[in-house]
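Examination of the molecular architecture
What follows is the residue order along each chain.
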Amino acid sequence: MTFPDVVHVDDPADDRLADFNRLTDVVLRSRHEPAKGLYIAESSTVIRRAVAAGHRPRSFLMAPKWLDSMADVIPPGVPVYVAEEPVLKEITGFHLHRGALAAMHRPPLREVSELLEGARRVVVLEDIVDHTNVGAAMRACAALGVDVVLFTPSCADPLYRRAVRVSMGTVFQVPWTRIDPWPAGIDTLRAQGFTVAALALEDDSVSLDDLVADPPGKLALVLGTEGDGLKASTVAGCDLTVRIPMSGGVDSLNVASAVAVAAWATRVPGGEA
Ligand SMILES: C[S@@+](CC[C@H](N)C(=O)[O-])C[C@H]1O[C@@H](n2cnc3c(N)ncnc32)[C@H](O)[C@@H]1O
């Protein structure tokens, strides 16, 4: 098979490879991918899911042996940079054992009100720092019937390479956007008929069991950051505070685990396969 847009590269410093240059976590965290309007999709599966979701690749980078298997997802006119393994490692800063990378155009963020139309279960993630937690939370939301995920302005990027990977590509499946401003956005949720529940370990928190016993038709679950939990102003702005009962002397769950427990317990029956 021949590919008209394939460019063989052997110089890791080639300017055309800027999108893929040194993709280690530390570098990427400081690179502000959102501002550059791109994100990196890693592995054939993730690239395929991104393309299937309507995202547009702007260039590819891979070892020659992956060209044939990736041919059907490479649109005409999009450059494909091909290099041997040692050169790839020099370019990206890590061993590219998942096959291929694609620099993808970042899709524009959607309006909160547009996403909330018809939704019954929403998860809001406030200021999560760890991209692994963002990815794991997205995966749980996809699996457990959450209709929409909203990220506060300071929450870690769901299209960051690690978040996408840990989510198993579900960041391309569950509709999501940023909710900004926050916590003022609680009013937007309420105006669209949602009961807004803060997941927090407060003295006056009701048990998740009580919420499940009489669930609201439209429910937004709001979860907080890894260290400090939800901001006091967020808890104060929500309609109620809900606690997942803990045992074994453990005071709290990891935030992605808490998302999974709360989403499963409050799911709308009938959505399972
Ligand atoms: C690791 S916890 C933060 C713990 C923090 N020290 C606190 O008191 O909230 C991260 C988030 O997960 C959710 N969470 C974890 N365990 C929970 C529980 N047992 N009940 C309700 N929410 C919980 C909360 O939304 C929390 O903000």
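Residues numbered from 1 in each chain as written. Predicted model: local features only at pLDDT ≥ 70, side-chain atom pairs only at ≥ 80, totals over all residues. Heavy atoms only, no water.

1. Some thoughts on the sheet that holds strand β6 (residues 121-125)
Within the open sheet, the 7 strands sit side by side as β8-β7-β6-β11-β9-β12-β10. Their pairing is parallel. The open sheet is flanked by β8 (176-178) and β10 (206-207), the only strands paired with a single partner. Bridge analysis of strand β7 (residues 148-151) against β8 gives 3 bridges, and the strand direction is parallel. Looking at the pairing, V149 lines up with W176 of β8. Sitting on the sheet, helix α7 (residues 131-143) touches β6, β7 and β8, and the angle it makes with β7 is about 155°. Sitting on the sheet, helix α12 (residues 255-265) is in contact with β6, β9 (195-199) and β11 (219-223), with an inclination near 160° to β11. (Pairing = 2+ DSSP bridges. Helix = DSSP H or I, 4+ residues; strand = E, 2+ residues; numbered from the N terminus. Contact = heavy atoms within 4.5 Å. Axes fitted to C-alpha atoms, helices over the stretch in contact; angles between N-to-C directions.)

2. Notes on the site of the ligand
Surveying the vicinity of the ligand reveals 19 residues, the closest of which are L199, G224, G229, I244 and L253. Within the backbone of G224, a nitrogen or oxygen atom sits 3.1 Å from an oxygen atom of the ligand. Within the backbone of G227, one N or O atom sits 3.4 Å away from a nitrogen atom of the ligand. Across the shell around the ligand, the residue classes break down as 11 nonpolar, 5 polar and 3 charged. (Near = heavy atom within 4 Å. Polar contact = N/O pair within 3.5 Å; in protein donor to acceptor, adjacent residues only side chain to side chain. Nonpolar A, V, L, I, M, F, W, Y, C, P; charged D, E, K, R; others polar.)

3. Regarding the pairing of strand β2 (residues 38-42)
Of all 5 residues in β2, 5 are buried; the element is thus mostly enclosed. Burial of β2 is two-sided: the residues L38, I40 and E42 facing one way and the residues Y39 and A41 facing the other way are all buried. Here β2 runs beside strand β5 (residues 100-105); their pairing, made up of 5 bridges, is antiparallel. Looking at the pairing, L38 lines up with H105 of β5. (Buried < 20%, exposed > 50% of the residue type's maximum accessible area, 1.4 Å probe, protein only.)

4. Section: the UniProt feature "domain: tRNA/rRNA methyltransferase SpoU type" (unreviewed entry) in the protein
Under the present numbering, the feature "domain: tRNA/rRNA methyltransferase SpoU type" (unreviewed entry) in UniProt falls on residues 122-263. For the annotated span residues 122-263, helix accounts for 32% and strand for 19% of the residues, and the straight-line distance between the end C-alpha atoms is 9 Å. (UniProt positions renumbered as here; feature names shortened; annotations may be inferred.)

5. Here's the deal with the sheet that holds β2
Ordered in space as β1-β4-β3-β5-β2, the 5 strands form an open sheet in which the pairing is mixed. Either end of the sheet is taken by a strand with one partner, and the two such strands are β1 (6-8) and β2. Averaged over all pairs of adjacent strands, the angle between their axes in this sheet comes to 20°, without regard to strand direction. Direction of pairing for strand β3 (residues 57-62) relative to β5: antiparallel, over a ladder of 5 bridges. Within β5, the position partnered with M62 by the bridge is A100.

6. Quick word on the nonpolar core
F60, M62, L125, V149, L221 and L223 are the most contacted members of the largest nonpolar core, which has 55 residues in total. For this core, the element with the highest residue contribution is α12, accounting for 7 residues. Judged by nonpolar contacts, the second largest core, of 21 residues, contains V112, L150, V196 and A198. (Core = buried A, V, L, I, M, F, W, Y, C linked by side-chain atoms within 4.5 Å.)

7. Considerations on helix α3 (residues 44-52)
Residues V46, I47 and A50 constitute the buried set of α3. For α3, the angular spread of buried residues about the axis comes to 100°, placing them on one side. Buried residues in α3 make contact with β2, β3, α4 (67-70), β5 and α8 (161-166). At the C-terminal side of α3, G54 shows a positive phi close to 95°. (Arc of directions from axis to C-beta.)

8. Description of the environment of M104
By the secondary structure assignment, M104 is in strand β5. Residue M104 is classed as buried on the basis of its relative accessible area, which comes to 0%. Separated by 19 residues in the primary sequence, M104 and V123 have C-alpha atoms spaced 26 Å apart.

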